[in-house]
Amino acid sequence: PSTVNCTWKYFTQPLDHFSPGVVNVNGDNSSAIATFQQRYCIYDKYFNKEVKMNGPPPNILFYTGNESPVEEYINQTGLMWTLAPKLNSLVVFAEHRYFGESVPQLKGVRNCLSYCTTQQALADHALLVLEIKKNYNIQNNNAKVVAFGGSYGGMLASWARIKYPNVFDGAIADENRLEASFACAGGELEDAFSVMFLLEFSVTAFPKLVDLSEFSA
């Protein structure tokens, strides 16, 4: 399967999950709660919610989209496609906010880039999983959701499992840069992207786990 075999959908997400009331201003000076359409693709040909005797329960393999249009990852994530038919799984690839076609309409929104954070992206992914489970009537507690990702996406997959253990039952992270980020106090330029996201998320969400002295000049 590839991008041509998937069903492409959109899900309405709030621009800010944590401070309801953020608005955008329309051309006629009217205002509305700021939302955006998160794009995702889903492949359900391996999925059957009717569990066969001694067969696996329905599961969701969920790619935590990162810093590119999501279609760039669909054909590059072979493990999900390999596991899905063996695990009776939905395959879902979610796009990261502010990338691809998941870009909010930001006219009239103050500090508009402040909503492009790992915390907001993780909340997007968690809410989308709950929506998919509802749409496919997957309410069985035996159904598992496993996050997948690589590089920054691997960081998101790991954080998703930590931040939302009630939604994500596991995570498989390739080239996860969490450990590398802690080790790059020497200032390796190639890891600057990882350090930025590690600090932005970890200092606010897990302050007891982060020693800022690691990143001192």
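Refer to the structure printed above.
Computed from a prediction, not measured in an experiment: that's the story for all the values here. Numbers given to residues run from 1 along each chain, matching the order in which its sequence is written. Reporting of local features is limited, given that this is a predicted model, to residues whose pLDDT is at least 70; pairs of side-chain atoms are given and counted only at 80 or more, and all residues count toward the totals for whole chains, interfaces and linings. For the side-chain quantities, the full set of heavy atoms in the structure was used; hydrogens and water were omitted.

Draft legend 1. Geometry of the state of the cysteines. For the purposes of this analysis, a disulfide is any pair of cysteine sulfur atoms at a distance within 2.5 Å. By the definition in use, this model includes zero disulfides. In this model Cys41 remains outside any disulfide bridge; the closest cysteine sulfur is found in Cys6, 3.7 Å from its own. Free cysteine: Cys116, not disulfide-bonded; nearest cysteine sulfur from Cys112 at 9.9 Å. Relative accessibility thresholds used throughout: buried, under 20% of the residue-type maximum; exposed, over 50%; partly exposed, between the two (1.4 Å probe, protein chains only). Among the residues examined, Cys116 registers a relative accessible area of 26% and is labelled partly exposed.

Draft legend 2. Looking closely at the packing of aromatic side chains. Here a Phe, Tyr or Trp ring, Trp counted by its six-membered ring, pairs with any other such ring whose centre lies within 6.5 Å, and the pair is stacked when the planes are under 30 degrees apart, edge-to-face when over 60, and tilted otherwise. Under the definition given, this model contains seven aromatic pairs. For the ring pair Tyr43 and Trp81, a centre distance of 5.4 Å and an interplane angle of 80° mean the geometry is edge-to-face. One end of the pair, Tyr43, is in strand β4 (residues 35-43); the other, Trp81, is in helix α2 (residues 78-83), with 38 residues separating them in the sequence. Look at Phe62 and Phe168: their rings are 5.9 Å apart centre to centre, the planes differ by 65°, and that puts the pair in the edge-to-face class. Pair noted here: Phe62 is in strand β5 (residues 59-64) and Phe168 is in the loop between α4 (152-163) and β8 (170-174), with a separation of 106 residues, a long-range link. By the burial criterion, Phe62 is buried, and Phe168 matches it. An aromatic cluster is defined as three or more aromatic residues linked by ring pairs; in this entry it consists of Tyr43, Tyr46, Tyr63, Tyr73, Trp81 and Phe93. Placement of a charge over a ring requires the Lys NZ or Arg CZ to be within 6 Å of the ring centre, with the centre-to-atom vector within 35 degrees of the ring normal. Residue placement shows Lys45 over the ring face of Tyr43; its charged tip is 5.6 Å from the ring centre. Each helix is a run of H or I in the DSSP string that is no shorter than four residues. Each strand is a run of E no shorter than two, and both are numbered from the N terminus.

Draft legend 3. Representation of the pattern of salt bridges. What counts as a salt bridge is simple: a side-chain nitrogen of Lys or Arg found within 4 Å of a carboxyl oxygen of Asp or Glu. Inspection of every chain in the model, using the stated rule, returns six salt bridges. Between Lys45 and Asp44 there is a salt bridge, with the nearest N and O atoms lying 3.7 Å from each other. You can call Lys45 exposed: its relative accessible area is 58%. A salt bridge links Asp124 to Arg97; the shortest N-O distance between them is 2.7 Å. Of this pair, Asp124 sits in helix α3 (residues 118-135) while Arg97 is found in the loop between β6 (89-94) and α3, placing the two residues 27 residues apart along the sequence.

Draft legend 4. Representation of the environment of Phe36 in the model. Here Phe36 is to be found in strand β4. Expressed as a C-alpha distance, the spacing of Phe36 and Tyr10, which sit 26 residues apart in the sequence, is 9.3 Å. Look past the residues within four positions of Phe36 in its chain and what remains in contact with it is Phe11, Thr12, Gln13, Pro14, Leu15, Arg97, Ser102, Pro104 and Asp124. When checking whether two residues touch, look at their non-hydrogen atoms; a contact exists if any pair is within 4.5 Å.

Draft legend 5. Up close: α3. A helix is expected to reach a length of 1.5 Å times the quantity of its residues less one. Between its terminal C-alpha atoms α3 stretches 26 Å, which fits the 26 Å expected from 18 residues at 1.5 Å a residue. Burial within α3 is extensive, with 13 of its 18 residues counted as buried. Immediately downstream of α3, the backbone of Asn137 shows phi near 55°, a positive value.

Draft legend 6. Looking closely at the environment of Ala121. Inspection of the secondary structure assignment puts Ala121 in helix α3. A sequence separation of 24 residues divides Ala121 from Arg97, and the C-alpha atoms of the two residues are 6.3 Å apart. Here Ala121 is in contact with His96 and Arg97, once residues within four sequence places are set aside.

Draft legend 7. Representation of the layout of surface pockets within the structure. Buriedness of a pocket was judged along seven lines, with at least five required to meet protein on both sides within 12 Å; pockets are open sets of points on a 1 Å grid over the protein atoms alone, cavities are sets where a 1.4 Å probe fits but cannot get out, and lining residues have an atom within 4 Å of a point. Grid points are joined across faces, edges and corners, and a volume is the space filled by probe spheres set on the points. Estimated volume of the largest pocket: approximately 230 Å³. Elements supplying a minimum of two residues to the lining of the largest pocket: α2, β7 (145-150) and β8. When the residues that make up the lining of the largest pocket are grouped by side-chain class, the tally is six nonpolar, six polar and one charged. Put simply, Ala, Val, Leu, Ile, Met, Phe, Trp, Tyr, Cys and Pro go in the nonpolar bin, Asp, Glu, Lys and Arg in the charged bin, and everything else, Gly too, in the polar bin.

Draft legend 8. Broad picture of the nonpolar core. Core analysis: the largest hydrophobic core is formed by 29 residues, its most contacted members being Tyr40, Ile60, Phe62, Leu90, Val92, Ile132 and Phe168. Mapped onto this core, the elements with two or more residues apiece are β4, β5, β6, α3, β7 and α4. Discounting residues that sit within four places of it in the chain, Phe62 has contacts with Met80, Val92, Ala94, His125, Leu128, Val129, Val145, Val146, Ala147, Phe148 and Phe168. By size, the runner-up hydrophobic cluster in this structure holds 15 residues, among which are Cys6, Met80, Trp81 and Val146. Take the buried residues of types Ala, Val, Leu, Ile, Met, Phe, Trp, Tyr and Cys, join any two whose side-chain atoms come within 4.5 Å, and each joined set is a nonpolar core.

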